[in-house]
Amino acid sequence: NAGVTQTPKFQVLKTGQSMTLQCAQDMNHNSMYWYRQDPGMGLRLIYYSASEGTTDKGEVPNGYNVSRLNKREFSLRLESAAPSQTSVYFCASRGLKGGNNYGYTFGSGTRLTVV
Amino acid sequence: RKEVEQDPGPFNVPEGATVAFNCTYSNSASQSFFWYRQDCRKEPKLLMSVYSSGNEDGRFTAQLNRASQYISLLIRDSKLSDSATYLCVVSRPYSGAGSYQLTFGKGTKLSVIP
């Protein structure tokens, strides 16, 4: 099925470990996003990529890096995980206005716990 | 003032009831507006876009008042399956050409009770 695929779905890290969250979309969308969702905080933008080859910081970029590998893939890396990064991470992509889906399509999320 | 504010909730309503959610946004440059639905431990999914003239999709009606910077969602004849958190979402241009940033409200939880 077309959509946004995130891996892994669950992950437990020790403080200081690194990991990369993977995201891929097969809808030929230009824009891709990484959000985190914490209880009582709503969804907050970490990084986004308006098009292949470009990335920009969002609201809460500290402690993260991203790579827009190609049009399909947008990865999020935690270089040295901290307990404050325990959260649910969502990747999203966006179609063009007037297309089949102008709204954002989200992946199913990665539940990350840092101990 | 928060960029997107919603009713705090939770809303507990009986089946068949009509329920209304309200949302205000602070950035007058906001251009696009949406309601998303998020089920427990699932990803947000687009419920409907909100247009200036108001729009309806079955039992759901969305309204936008740009002058008051106010968005609403009305659900008629509530079903058990409507139980979810409803997110008010606002989109505005953000730096680079063609780039939009979505700002999410914290959501309002709806529980429809048999």
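Summary of the structure given here.

Rules of the game
- Residues numbered from 1 in each chain as written.
- Chains lettered and ligands numbered in written order.
- Predicted model: local features only at pLDDT ≥ 70, side-chain atom pairs only at ≥ 80, totals over all residues.
- Heavy atoms only, no water.
- Helix = DSSP H or I, 4+ residues; strand = E, 2+ residues; numbered from the N terminus.
- Rg over C-alpha atoms; globule rule 2.2 N^0.38 Å.
- Buried < 20%, exposed > 50% of the residue type's maximum accessible area, 1.4 Å probe, protein only.
- Contact = heavy atoms within 4.5 Å.
- Areas by Shrake-Rupley, 256 points an atom, 1.4 Å probe, with all protein chains shown as cover.
- Lys, Arg positive; Asp, Glu negative; His and termini not counted.
- Charge placed at Lys NZ, Arg CZ, Asp CG, Glu CD.
- Pairing = 2+ DSSP bridges.
- Axes fitted to C-alpha atoms, helices over the stretch in contact; angles between N-to-C directions.
- Phe/Tyr/Trp six-rings, centres within 6.5 Å; stacked < 30°, edge-to-face > 60°.

A closer look at the overall build of chain A
Move 1: In terms of regular secondary structure, chain A is built from zero helices and eleven strands.
Move 2: Helices and strands appear in chain A in the N-to-C order β-β-β-β-β-β-β-β-β-β-β.
Move 3: For chain A, the C-alpha radius of gyration of 14 Å lies close to 13 Å, the compact-globule estimate for 115 residues.
Move 4: The principal-axis extents of the C-alpha atoms in chain A amount to approximately 45 × 30 × 25 Å.
Move 5: The buried share of chain A, reckoned over its 115 residues, is 51%.
Move 6: The long-range share in chain A, meaning contacts at least 24 apart out of those at least 6 apart in sequence, stands at 54%.
Move 7: Total accessible area computed for chain A in this model is approximately 5,300 Å², and 48% of it derives from carbon and sulfur atoms.
Move 8: Averaging the locations of the 12 positively and 7 negatively charged side chains of chain A gives two centres separated by 4 Å.

Some words on the sheet that holds strand β7 (residues 64–68) of chain A
All names here are of chain A.
Move 1: An order of β1-β3-β8-β7 is seen for the four strands of this open sheet, with the pairing classed as antiparallel. Because the sheet does not close on itself, it has two edges, and the strands there are β1 (4–7) and β7. Across the sheet, the mean angle separating the axes of adjacent strands is 15 degrees when strand polarity is ignored.
Move 2: Where β1 and strand β3 (residues 19–25) come together, four bridges link them in antiparallel fashion.

Some points on the packing of aromatic side chains
The way to describe two aromatic rings as a pair is by their centre distance and the angle between their planes.
Move 1: Within this structure, the stated rule accounts for 15 aromatic pairs over all chains.
Move 2: Ring geometry for Y35 of chain A and F106 of chain A: centres 6.0 Å apart, planes at 50 degrees, overall tilted. Of this pair, Y35 of chain A sits in strand β4 (residues 31–38) while F106 of chain A sits in strand β10 (residues 104–106); the two residues are 71 residues apart in sequence, bridging distant segments of the chain.
Move 3: By the ring-pair criterion, three or more aromatic residues cluster together here, those being Y33, Y35, Y48, F90, Y104 and F106 of chain A together with F34, Y36 and F104 of chain B.

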